[in-house]
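# An overview of the molecular structure
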Amino acid sequence: MTNNRYQGSWPKIGIRPTIDGRMGGVRESLEDQTMNIAQSVASLITSTLKYPDGTPVKCIIADTTIGRVAESAATAAKFAREGVGITITVTPCWCYGSETMDMEQHTIKAVYGFNGTERPGAVYLAAVLAAHAQKGLPAFGIYGHDVKDAGDAEIPFDVKEKLLLFARSAMAASIMKGKSYLSIGAVCMGIAGSIVNTDFFEDYLGMRCEGIDEVEIIRRMTEGIYDKEEYEKALAWTKKNCRQGEDGNRKDLVRTAEQSARDWEFIVKMTIIVRDLLIGNTKLKDMGFGEESLGHNAIAGGFQGQRQWTDFYPNGDFTEAILNSSFDWNGIRAPFILATENDSLNGTAMLFGNLLTNTPSIFADVRTYWSPEALERVTGKKPSGLIANGMIHLINSGAASLDGSARQNDSTGNPTMKPFWEISEKEARECLDATTWMPANREYFRGGGYSSKFLTRGGMPCTMVRVNLVKGLGPVLQLAEGWTGTIDEESFRIIDNRTDRGWPTTWFVPRLDAAKDTFKDVYSVMNNWGANHGSINCGHIGAELVTLCSILRIPVCMHNLPDDKIYRPASWNAFGMDKEGADYRACKAYGPLYKK
């Protein structure tokens, strides 16, 4: 498993072992302990975290301990050569703060001060965090709860949690830098998120925005700019594995068998072409299409579709669903990020979730709040269990990954979505078998096509996420941790018949919190959601999202996390005692991470 999608290499984490610079006894006595801490931190990260291609995250340790400014400079030079984007400074003792701190402007920084009584590591931690705040270089502070013995090389559990939370979030931010968001088409039916804001991507995420017209897909089809052998393989796989459902259109809109076969050929070809547009394809160069072979180095993209495309051509639902999944005709592989309706802000939420978990994202309309009373009235059954307080109906024709059917299992047999390197062939098969491809609703999609239909298994922990842009404020993120819900088959049929029977369904039940107005009940979550779309990822990743947003300087306007799960740079504490207000003030004071 190698990184063969994007230009450049994965960012690395630099470990900076700092030490008391006084020679003649003090420094010498601390050399082994300080370097051992650095090696323990590096070992923890490399054995736990993985890049999107499944390879272990790499750590680079400074050649020597860092006691004075010359050693800081030497380490900075080494890290620059090695592609380090994140640094963790570690120490068990007092050090010369401004001489030993990481002064590089664009590295993402944390400092771990060992809690021991033999030397004042906590004193250095406080001093250097103050220096970071004074110099406008925010850093995360890490300090263990309990005093440890000087010779204890084991990293305490609470320190491990913060190290990994920081590293996972910082790695997500660093991976995005220098990549692209590719708009295929433009604004879809007036949806604000598909009005791509280049300032947001450039200033906050360090990404560039690329845009092409959808007609490029037709040009490549017409001129044969795609891998013909792969197309035949993909078409055969699709015919074998993608079960077509009953056509629910009225009789005059039903496609003939011949038209249906042409639609399948079209959408399979389109899927290959869209993938090539995102990341390129060396096979095209061999065919004489050097320019087209390059792709757009896109870590995420969006497809406009409606209406200029879908009024005439088959829709992009198959393309979006298959690319967002962890498998296709080439086997099990890392998912892509492709937002339906070119909703770049929901595509950003999908990207955040993917980079934090290495798992696919479910793109959905935040469609309907079902109160317990409405559920009982419509189905004749009183809801119980997870859905006793109501639920939110998530449904969309396009970009829900097939992994979102939750037919994969964790170690105890519970429904989940896994990184691709953990998915078995059997689990991929079960996701495919759980999906029916329904002929597109031709009142919506006049050009035809096929939409995936599945029902997400209940009981999967998940997090719903959305990024919004607010004039005068900038970007904000909202999140809700919760679970997928379950209703009986008869009740599902009744509700499904009231909506669109040709689309995938996920029931979402947020975790409620009576102390927060936006989470006092399920209705309030729906009522306070900032847009018509949301991205859903497996697992409760709210803490990681909050930490990531603080790195990027995006305030979080809505969440259901307890205060002890909020982890931001130490200088956020100087902006007031209310965590939400402090987050807004700090993000405004520091400004976007990459703003020039």
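For the structure itself, look to the data block above.
Residues numbered from 1 in each chain as written. Predicted model: local features only at pLDDT ≥ 70, side-chain atom pairs only at ≥ 80, totals over all residues. Heavy atoms only, no water.

## Some details on the packing of aromatic side chains
The condition is simple: Only centres within 6.5 Å qualify two rings of Phe, Tyr or Trp (six-membered ring in Trp) as a pair; their planes then separate them into stacked at under 30 degrees, edge-to-face at over 60, and tilted for everything else. Each helix corresponds to a stretch of at least 4 residues labelled H or I by DSSP, and each strand to a stretch of at least 2 residues labelled E; elements are numbered beginning at the N terminus. In this scheme, Lys NZ or Arg CZ marks a charge over a ring once it lies within 6 Å of the ring centre and within 35 degrees of the ring normal.
As enumerated under the stated definition, the model contains 25 aromatic pairs in all. On the numbers, 6.4 Å between centres and 85° between planes, the contact of Trp-94 with Tyr-124 is edge-to-face. Placement of Trp-94 in the loop between strand 3 (84–91) and helix 3 (97–100) and of Tyr-124 in helix 4 (residues 121–134) is noted, with a sequence separation of 30 residues between them. Among the aromatic residues, ring-to-ring pairing joins Phe-266, Phe-303, Trp-309, Phe-312 and Tyr-313 into one connected group. Here the guanidinium or amino end of Arg-5 rests over the ring plane of Phe-336, the centre of that ring lying 3.7 Å away. Stacked on the ring of Tyr-231, the Lys or Arg Lys-269 has its end atom at 4.9 Å from the ring centre.

## A few points about the nonpolar core
For soluble globular proteins, nonpolar side chains are generally found buried alongside one another. For clarity, the threshold we go by: Side-chain atoms within 4.5 Å are what join buried Ala, Val, Leu, Ile, Met, Phe, Trp, Tyr and Cys residues into a set we call a nonpolar core. Remark: exposure states derive from per-residue accessible area (1.4 Å probe, protein chains only) relative to the maximum for the residue type, with buried under 20%, exposed over 50%, and partly exposed in between. A contact between two residues is defined here by any heavy atoms of the two lying within 4.5 Å.
Counting residues in hydrophobic clusters, the biggest one holds 137 residues, and the most contacted among them are Ile-13, Val-41, Ile-88, Ile-217 and Phe-352. With 12 residues, the single largest contributor to this core is helix 5 (residues 157–176). If sequence neighbours within four positions are ignored, Ile-13 has contacts with Ile-45, Val-57, Lys-58, Cys-59, Ile-60, Val-84, Ile-86, Ile-88, Ala-167 and Met-171. Within the second largest apolar cluster, 13 residues are counted, among which are Ile-19, Cys-93, Met-101 and Leu-125.

## A closer look at the pattern of salt bridges
Threshold: One side-chain nitrogen of Lys or Arg within 4 Å of one carboxyl oxygen of Asp or Glu is enough to make a salt bridge.
According to the stated counting rule, one finds 32 salt bridges in the structure shown. The salt bridge partner of Arg-219 is Glu-292, with a shortest N-O separation of 2.9 Å. In this pair, Arg-219 sits in helix 7 (residues 215–223) while Glu-292 sits in the loop between helix 10 (282–286) and strand 9 (298–303), placing the two residues 73 residues apart along the sequence. By relative accessible area, Arg-219 is classed as partly exposed at 28%. As a salt-bridge pair, Asp-227 and Lys-283 come within 3.4 Å of each other at their nearest N and O atoms. You can see Asp-227 sitting in the loop between helix 7 and helix 8 (228–241) and its partner Lys-283 sitting in helix 10, a full 56 residues away along the chain. Among the residues examined, Lys-283 registers a relative accessible area of 28% and is labelled partly exposed.

## A closer look at helix 7
Residues Glu-216, Ile-217, Ile-218, Arg-220 and Met-221 constitute the buried set of helix 7. Taken together, the buried residues of helix 7 touch strand 6 (180–184), strand 7 (208–212), helix 9 (257–279), helix 10 and strand 9.

## Comments concerning the sheet that holds strand 9
Selection criterion: DSSP-based pairing: two strands are paired if at least 2 bridges between them are found. Geometry is summarised by axes, namely lines fitted to C-alpha atoms with helices restricted to the contacting stretch, and by angles between N-to-C directions that run from 0 to 180 degrees.
Spatial ordering of the open sheet is given by 7-6-9-12, a layout of 4 strands whose pairing is parallel. Either end of the sheet is taken by a strand with one partner, and the two such strands are strand 7 and strand 12 (338–340). Averaged over all adjacent pairs, the angle separating strand axes in this sheet is 20°, with direction ignored. Looking at chain direction, strand 6 and strand 9 are connected through 5 bridges and run parallel.

## Looking at the pairing of strand 5 (residues 139–143)
Here is the rule we go by: Look down the strands so they point away from you; if going from the first strand over the helix to the second traces a clockwise path, that crossover is right-handed.
In terms of residue burial, strand 5 counts as a mostly covered element, since 4 of its 5 residues are buried. By the bridge criterion, 5 bridges tie strand 4 (residues 108–113) to strand 5 in an arrangement that is parallel. Pairing of Lys-109 across the sheet is with Ala-139, part of strand 5. For the segment spanning strand 4, helix 4 and strand 5, crossover handedness is right-handed.

## Observations concerning the environment of Thr-368
One can find Thr-368 in strand 13 (residues 362–370). Judged by relative accessible area, Thr-368 falls into the partly exposed class, the value being 27%. Separated by 23 residues in sequence, Thr-368 and Met-391 place their C-alpha atoms 8.4 Å apart. Contacts of Thr-368, omitting those with residues within four sequence positions, involve Met-391, Ile-392, His-393 and Met-526.

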